[in-house]
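An overview of the molecular structure
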Amino acid sequence: MPELLVRDLEASIEFWCDLCGFTIRYDRPADGFAYILRGSAHVMLERAGAGRNWITGPLEVPQGRGVNFQVAVPDVDPILSALRAAGVSLFMAPETKWYRVDDEEAGVRQFLVTDPDGYLIRFQSPLGRRPVVR
């Protein structure tokens, strides 16, 4: 599970929990820390400069360059509605995509959004599987 260093823990909790449907499993406000989850997706949020941070280089926004965090959800539409209502811009508009997996294709409806620190999150809901069309 990733532990993300954030600038503003409250803003991050508002994004991840209020807009994206995560819940706080437990937190340590004095340490600037929250453990959040949604289904099988677990994320730790830690305010940069609080507690012990393992920092390998300068923290520049957008953070987490070169990685996206995929979160599988039953339906992406409620998250999309909440983000749109809050005026949050998407990194990538919703799409339907089929990925080859051996002799089948796995379908997903997905979109990408960045959190307040620029971490890239890909929410996707499964559409099932189908044979590969040759």
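Everything below is about the structure shown above.
Reference entry: report on the structure contained in this document.

Each value, and the rule that gives it
The residue numbers shown here count from 1 along each chain, following its written sequence. Only residues with pLDDT of at least 70 are given local features in this predicted model, and only at 80 or more are side-chain atom pairs given and counted; all residues enter the totals for whole chains, interfaces and linings. The basis for every side-chain value is the complete set of non-hydrogen atoms in the structure, without hydrogens or water. A pair of strands is labelled paired if DSSP reports no fewer than 2 bridges between them. Numbering of helices and strands runs from the N terminus, with a helix taken as a DSSP run of H or I at least four residues long and a strand as a DSSP run of E at least two residues long. With axes taken as lines fitted to C-alpha atoms, and helix axes fitted only over the stretch in contact, angles between N-to-C directions fall between 0 and 180 degrees. Whether two residues are in contact is decided by their heavy atoms, any of which lying within 4.5 Å being enough. Only the six-membered ring of Trp is used, alongside the rings of Phe and Tyr, when aromatic pairs are assigned; centres must lie within 6.5 Å, and planes under 30 degrees apart are stacked while those over 60 apart are edge-to-face, with the rest tilted. Exposed residues in this analysis have more than 50% of their type's maximum accessible area, buried residues have under 20%, and partly exposed residues fall in between, with area computed by a 1.4 Å probe over protein chains only. By definition here, charges over rings are those cases where NZ of Lys or CZ of Arg is within 6 Å of the ring centre and within 35 degrees of the ring normal.

**What to know about the sheet that holds strand 3 (residues 33-38)**
- Taken together, four strands build an open sheet; the order of strands is 1-4-3-2 and the sheet is mixed. Each edge of the sheet is formed by a strand with only one pairing partner; in this case those strands are strand 1 (3-6) and strand 2 (23-28). Here the strands of the sheet are splayed against their neighbours by 25 degrees on average, with no regard to which way each runs.
- With respect to the sheet, helix 1 (residues 9-19) is in contact with strand 1, strand 2, strand 3 and strand 4 (41-47), its orientation differing from that of strand 4 by roughly 160 degrees.

**With respect to the packing of aromatic side chains**
- Taken as a whole and assessed by the stated rule, the structure comprises six aromatic pairs.
- Note on Phe15 and Trp16: the rings are 6.1 Å apart at their centroids and 85 degrees apart in plane angle, and the pair reads as edge-to-face. Neither residue differs from the other here; Phe15 and Trp16 are each classed as buried.
- Here a set of aromatic residues connected by ring pairs shows up, and it is made of Phe15, Trp16 and Phe22.
- It is Lys97 that lies over the ring of Tyr99; its NZ or CZ is 5.8 Å from the centre.
- The residue whose ring lies beneath Arg130 is Trp98, and the NZ or CZ to ring-centre distance is 4.0 Å.

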